[in-house]
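# Reading the structure
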Amino acid sequence: MSEQELDHQSVGVIIACPGLYKFLFQVNDEGHPDPRCRGRMQLWGGHMKEEDDNNPFLALKRELSEEWCDQSVVEEVSRCVSRQTPRRFILQSNGGSPHPYRYSLDVFLALAPRELFMDWFIRLEHQGFNEGRMVFLTREMIKYYISDKDLQRLFLGNLHEVMKYYFESEESLSGLQTFARSSRPHV
């Protein structure tokens with residue numbers, strides 16, 4: 001599919017601790033400009049812009065800098081994903097309207113050991129957010145949400161399909177474990 005056929009390109013990061021089976025997601029708050037997005041969960045990230053030069057890593061770093069007040073966590077998460085080639089998903093959504101559209105989502109994985117993951121959580125909670133708020137989900141909660149048609153709507157833009165891929169693909173999950181051991185950022 002060509003990029004012209006897509007409504008937009010987006011980037012996101014799955015922030016997880018494989019040892020704890022816990023994940024950090026963004027929940028769009030009441031300040032989100034699109035009322036259809038309010039209260040919905042998504043990965044931290046957002047739309048690619050012209051200034052990102054079609055580079056998903058630059059787009060992710062810019063988005064995290066805009067969303068998080070603690071810029072040191074932005075730098076640490078960025079180092080964690082800097083050598084990755086993100087996995088691209090083409091998703092369809094209707095954005096709450098009768099007109100469906102297709103978009104791309106380049107997904108990075110920021111997998112951290114327990115201490116670092118909890119440190120990111122505490123620092124982000126303490127410093128706050130410029131956009132949305134953070135929710136801490138367990139693996140079991142996500143699996144429950146993606147298995148229930150009504151609860152899938154909690155995820156923005158059919159993100160449940162992305163999470164389903166990571167939770168149902170044994171190859172992907174074994175890759176997550178290996179990556180977590182080999183990619184600890186230096187802080």
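In the block above lies the structure referred to throughout.
All figures in this text were calculated on a predicted structure; none of them were measured in a lab. (Residues numbered from 1 in each chain as written. Predicted model: local features only at pLDDT ≥ 70, side-chain atom pairs only at ≥ 80, totals over all residues. Heavy atoms only, no water.)

## Description of the overall build of the chain
The following threshold applies: Where helices and strands are cited, they refer to DSSP runs of H or I of at least four residues and of E of at least two residues respectively, numbered from the N terminus. Using a 1.4 Å probe on the protein chains alone, a residue whose accessible area is under 20% of its type maximum counts as buried, one over 50% counts as exposed, and one in between counts as partly exposed. Any two residues having at least one pair of non-hydrogen atoms within 4.5 Å are treated as being in contact. Using a 1.4 Å probe, the Shrake-Rupley method yields the accessible areas, and only the shown protein chains count as cover for residues.
Counting its regular elements, the chain contains six helices and seven strands. Ordered by position from N to C terminus, the α and β elements of the chain give β-β-β-β-α-α-β-β-α-β-α-α-α. Looking at the chain as a whole, 50% of its 187 residues qualify as buried. Put simply, 66% of the contacts in the chain that link residues at least 6 apart link residues at least 24 apart. Only carbon and sulfur atoms are counted for the fraction: they give 49% of the accessible area of the chain, which is about 9900 Å².

## Things to note about the pairing of strand β2 (residues 22-27)
On any regular strand, side chains alternate: one points to one face of the sheet, the next to the other face. Cut-off, in case you're wondering: In short, DSSP must find at least two bridges between two strands for them to pair.
Burial runs high along β2: five of the six residues are buried. Between the end of strand β1 (residues 8-17) and the start of β2, which pair antiparallel, lie four residues, with Y21 showing a positive phi angle near 55°. In this structure, β2 lies alongside strand β7 (residues 133-138), joined through six bridges in antiparallel fashion. Note that in β7 the partner of L24 across the bridge is F136. Both β2 and strand β3 (residues 41-42) contribute to a ladder of two bridges, which runs antiparallel. Note that in β3 the partner of Q26 across the bridge is Q42.

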